[in-house]
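Each chain, written out:
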Amino acid sequence: MGTQHQQSEGGSTLKLRPPRQYGVFLINDDYTTMDFVVKILTEVFMLPEERAVAVMLLVHHEGKGLCGTYTRDVAQTKQMQVHSRAADAGFPLKCTIEEVS
């Protein structure tokens, strides 16, 4: 994605940058089940089952795994959905957001 140009009212050209992107990461804990993490990845992040299992294993073995990259508002919404679903299910699953670009 390159920089886009848009003409302002005065005739000068404004440079528009694409919005910053944020990675949404799940953090490993000793209580949340692997099945629940896969469910979160397929339902909240819309990952196919095979990809969800791969990300879940990354979280399990590395302590953290990238679920997707989004604009800030979307990333924050995904984070809230994860925390809400985890709390409703009685799991301490945590989700963080980090700027990636």
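Our structure is the block above this text.
Residues numbered from 1 in each chain as written. Predicted model: local features only at pLDDT ≥ 70, side-chain atom pairs only at ≥ 80, totals over all residues. Heavy atoms only, no water.

> Is there a simple way to explain the packing of helix α1 (residues 34-43) against helix α2 (residues 49-62) in this structure?
For any two helices packed against each other, one specifies the inter-axial angle together with the distance between the axes. Following both chains from N to C, one finds α1 and α2 inclined at 130 degrees, their axes separated by 9 Å at the closest point. With respect to each other, α1 and α2 are oriented oblique. Every pair of crossing elements has a handedness; the one defined by α1 and α2 is right-handed. Contacts between α1 and α2 involve Met34, Val37, Val38, Leu41 and Thr42 on the former and, on the latter, Glu49, Ala52, Val53, Val55, Met56 and His60. (Axes fitted to C-alpha atoms, helices over the stretch in contact; angles between N-to-C directions. Helix = DSSP H or I, 4+ residues; strand = E, 2+ residues; numbered from the N terminus. Parallel < 35°, antiparallel > 145°, perpendicular 65-115°, else oblique. Left-handed = near helix turned anticlockwise from the far one by under 90°. Contact = heavy atoms within 4.5 Å.)

> Is there a simple way to explain the packing of α1 against helix α3 (residues 72-89) in this structure?
For the pair α1 and α3, interaxial distance at closest approach is 11 Å and the crossing angle is 145 degrees. Considering how the two elements wind past one another, α1 and α3 form a crossing that is right-handed. Here α1 contributes Phe36, Ile40 and Glu43 to the contact with α3, which in turn contributes Val82, Arg85, Ala86 and Ala89. Residues that form the contact of α1 with α3 fall into these classes: five nonpolar, no polar and two charged. (Nonpolar A, V, L, I, M, F, W, Y, C, P; charged D, E, K, R; others polar.)

> Sorry, what's going on with the packing of aromatic side chains here?
Per the counting criterion, the structure on display carries two aromatic pairs. Ring geometry for Phe36 against Phe91: centres 4.9 Å apart, planes inclined by 40 degrees, an arrangement best described as tilted. Taken together, the positions of Phe36 in helix α1 and Phe91 in the loop between α3 and β5 (94-99) put the pair 55 residues apart, joining distant regions of the chain. The partly exposed category is assigned to Phe91, whose relative accessible area is 22%. Their ring planes at 35 degrees and their centres at 6.4 Å tell us that Phe45 and Tyr70 sit as a pair that is tilted. Taken together, the positions of Phe45 in the loop between α1 and α2 and Tyr70 in strand β4 (residues 64-70) put the pair 25 residues apart, joining distant regions of the chain. Stacked on the ring of Phe25, the Lys or Arg Lys64 has its end atom at 4.6 Å from the ring centre. (Phe/Tyr/Trp six-rings, centres within 6.5 Å; stacked < 30°, edge-to-face > 60°. Buried < 20%, exposed > 50% of the residue type's maximum accessible area, 1.4 Å probe, protein only. Lys NZ or Arg CZ within 6 Å of the ring centre and 35° of its normal.)

> Even after reading the chapter, I still don't get α2, so can you show me in this structure?
Think of an α-helix as 3.6 residues a turn; residues three or four steps apart then line up on the same face. Taking 1.5 Å as the rise per residue, α2 with 14 residues should run 20 Å; its terminal C-alpha atoms sit 20 Å apart, in good agreement. Taken together, the buried positions of α2 are Ala52, Val55, Met56 and Val59. Buried positions in α2, seen along its axis, are confined to an arc of 100 degrees and lie on one side of it. Across from the buried face of α2, at angles greater than 90 degrees, the exposed residues are Glu50, His61 and Glu62. Its buried side turned inward, α2 meets β3 (22-27), α1 and β4. (Expected span 1.5 Å × (residues − 1). Arc of directions from axis to C-beta.)

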